[in-house]
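Descriptive structure summary
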Amino acid sequence: MPDPVLVQKATGGNTGSPVSAVFPAPPLPGNLLVAICAVRTAGSITGPAGWSVAINQDSDGTYPGQAIFYKVAGIAEPQTVVFTTTASGTGNGIQVYEYSGLTGVVDAVASATGAVSPAGSGNVVTAAAKALLVAGLASQAGTLFSAWTNSFVEQANFTGGAGGALTRFGGADRTVTAPGTYSTQAVAGANGWRGQIVAFVADTSSPPIP
């Protein structure tokens, strides 16, 4: 498959539900869409209709909750991506991405939690010859994420909420060209954090949407 190319991205936030982000332009049919939603406090995360879940982990109050969903864009795909959550009164955030060059399926996922810097994605193991890796981090306050490791490119770094309910959100990606174990870390404050990572590979089971 050709190297995936990031076409566009967007972020959004709320102190309750729903949480949404709006792409600058309508996604193109056949492109891979990836959405990362995170919440600070205990509560479930529900993705939009028609999206598939790669990984979804609720907050237990100690660490943020976070979920990564994906889909192949259809004809007349909406620009707005909306998640719902039962977490309220705090910082909730969403980041969305559109990639050309593959209609993806999930090859592997991983996650990690902690309370000291750096924050990490966990180790994802992919057997694919080429994969798009997308990582998301969420931290209960602290500093903005910085210095992503292992050649991951930062694509989002933003805050939600304020004061004692401040939450940090970050995202990064990388294309790899060999099977192996991959991860990334970023500098964060000494607060509870959660990281997730997903390896997407080409979907060869059906032709792209025309």
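Here we summarise the structure given alongside this text. Note that the structure is a prediction, hence the values are computed from the model and not measured. (Residues numbered from 1 in each chain as written. Predicted model: local features only at pLDDT ≥ 70, side-chain atom pairs only at ≥ 80, totals over all residues. Heavy atoms only, no water.)

Moving on, we get to the sheet that holds strand β6 (residues 65–72). Strand order in the open sheet formed by five strands is β1-β8-β3-β6-β5, with antiparallel pairing between adjacent strands. Each of the sheet's edge strands pairs with one partner strand only, and the pair in question is β1 (5–14) and β5 (52–57). Between one strand axis and the next, the sheet turns through 10° on average, direction left out of account. (Pairing = 2+ DSSP bridges. Helix = DSSP H or I, 4+ residues; strand = E, 2+ residues; numbered from the N terminus. Axes fitted to C-alpha atoms, helices over the stretch in contact; angles between N-to-C directions.)

All right, on to the sheet that holds strand β4 (residues 45–46) then. The three strands are arranged β2-β7-β4 in an open sheet whose pairing can be described as antiparallel. The outermost strands of the open sheet, each flanked by one partner alone, are β2 (19–22) and β4. Pairing analysis gives four bridges linking β2 to strand β7 (residues 80–85), with the strands arranged antiparallel. Bridged to alanine 21 within β7 is valine 81.

Once that is clear, we can look at the side chain of serine 59. For serine 59, the location among the structural elements is in the loop between β5 and β6. We classify serine 59 as buried; its relative accessible area is 7%. Among the polar contacts made by the side chain of serine 59, one reaches the main-chain carbonyl oxygen of arginine 40 at a distance of 3.3 Å. Sequence-distant contacts of serine 59, that is, excluding residues within four places in its chain, are made with Val39, Arg40, Thr41, Ala42, Gly43, Pro64 and Gly65. (Buried < 20%, exposed > 50% of the residue type's maximum accessible area, 1.4 Å probe, protein only. Polar contact = N/O pair within 3.5 Å; in protein donor to acceptor, adjacent residues only side chain to side chain. Contact = heavy atoms within 4.5 Å.)

It is worth stressing that arrangement in space is one thing and function is another; only the former is reported here.
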